[in-house]
Amino acid sequence: MMILMISGCAAATGVGFVALKGIEEPGISWAPICNLAGKFCLMGTLSIAFSYAAFACMTALCFLSAWKLKLLATH
């Protein structure tokens, strides 16, 4: 689950970066849209931030669960 969560966060970050900066390479031209749709970029930034926060919580829960299982196994 954690791998799926971080891969989703990374994909969203990539899309957000393209929306913010655009791509100017030969054969590929994507214009940045954050200057045209500020609300979209604000919502995207909040969404990405909350996704990384959820990943941090999931990581903490995973470590806490493993620690508790270790304590139960030693008793």
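Note that the structure is predicted; figures quoted are calculated from it, not measured.

Rules used throughout
- Numbering of residues starts from 1 in each chain and follows the order in which that chain's sequence is written.
- Predicted model: local features are reported for residues with pLDDT of at least 70 only, side-chain atom pairs are reported and counted for 80 or more only, and whole-chain, interface and lining totals are derived from all residues.
- Side-chain numbers here rest on the full set of heavy atoms in the structure, without hydrogens or water.
- Both cavities and pockets are sets of points on a 1 Å grid over the protein atoms alone; in a cavity a 1.4 Å probe fits but cannot get out, in a pocket the set is open with protein on both sides within 12 Å along at least five of seven lines, and lining residues sit with an atom within 4 Å of a point.
- Grid points are joined across faces, edges and corners, and a volume is the space filled by probe spheres set on the points.
- Comment: elements are numbered from the N terminus, with helices defined as DSSP H or I runs of at least four residues and strands as E runs of at least two.
- Only Asp, Glu, Lys and Arg are considered charged in this grouping, and only Ala, Val, Leu, Ile, Met, Phe, Trp, Tyr, Cys and Pro are considered nonpolar; every other residue, Gly among them, is considered polar.
- Confidence per residue, as judged by the predictor, is encoded in pLDDT with a range of 0 to 100.
- Two cysteine sulfurs form a disulfide in these notes if their separation is within 2.5 Å.
- For the exposure calls, accessible area comes from a 1.4 Å probe over protein chains only, and a residue counts as buried if that area is under 20% of its type's maximum, exposed if over 50%, partly exposed in between.

## Let's talk about the layout of surface pockets
Piece 1. The calculated volume of the largest pocket comes to roughly 220 Å³.
Piece 2. If you go around the largest pocket, you meet 14 residues; those closest to its centre are Gly-16, Cys-41, Gly-44, Thr-45 and Ile-48.
Piece 3. Those elements that place two or more of their residues in the lining of the largest pocket are α1 (2-21) and α2 (38-74).
Piece 4. In terms of residues, the lining of the largest pocket owes the most to one element, α1, which gives seven residues.
Piece 5. Its residues assigned to classes, the lining of the largest pocket comprises nine nonpolar, five polar and no charged.

## Observations concerning the confidence of the model for the protein chain
Piece 1. Here the protein chain averages 89 in pLDDT, and 100% of its residues register 70 or above.
Piece 2. Mean pLDDT across the secondary structure elements of the protein chain bottoms out at strand β2 (residues 28-30), with 79, and peaks at α2, with 92.

## Description of the state of the cysteines
Piece 1. Taken as a whole and assessed by the stated rule, the structure comprises one disulfide.
Piece 2. Among the cysteines around Cys-57, which has no disulfide bond, Cys-9 carries the closest sulfur, lying 12 Å off.
Piece 3. We note that Cys-62 lacks a disulfide partner, and the nearest cysteine sulfur, in Cys-57, lies 13 Å from it.
Piece 4. The exposure class of Cys-62 is partly exposed, given its relative accessible area of 40%.

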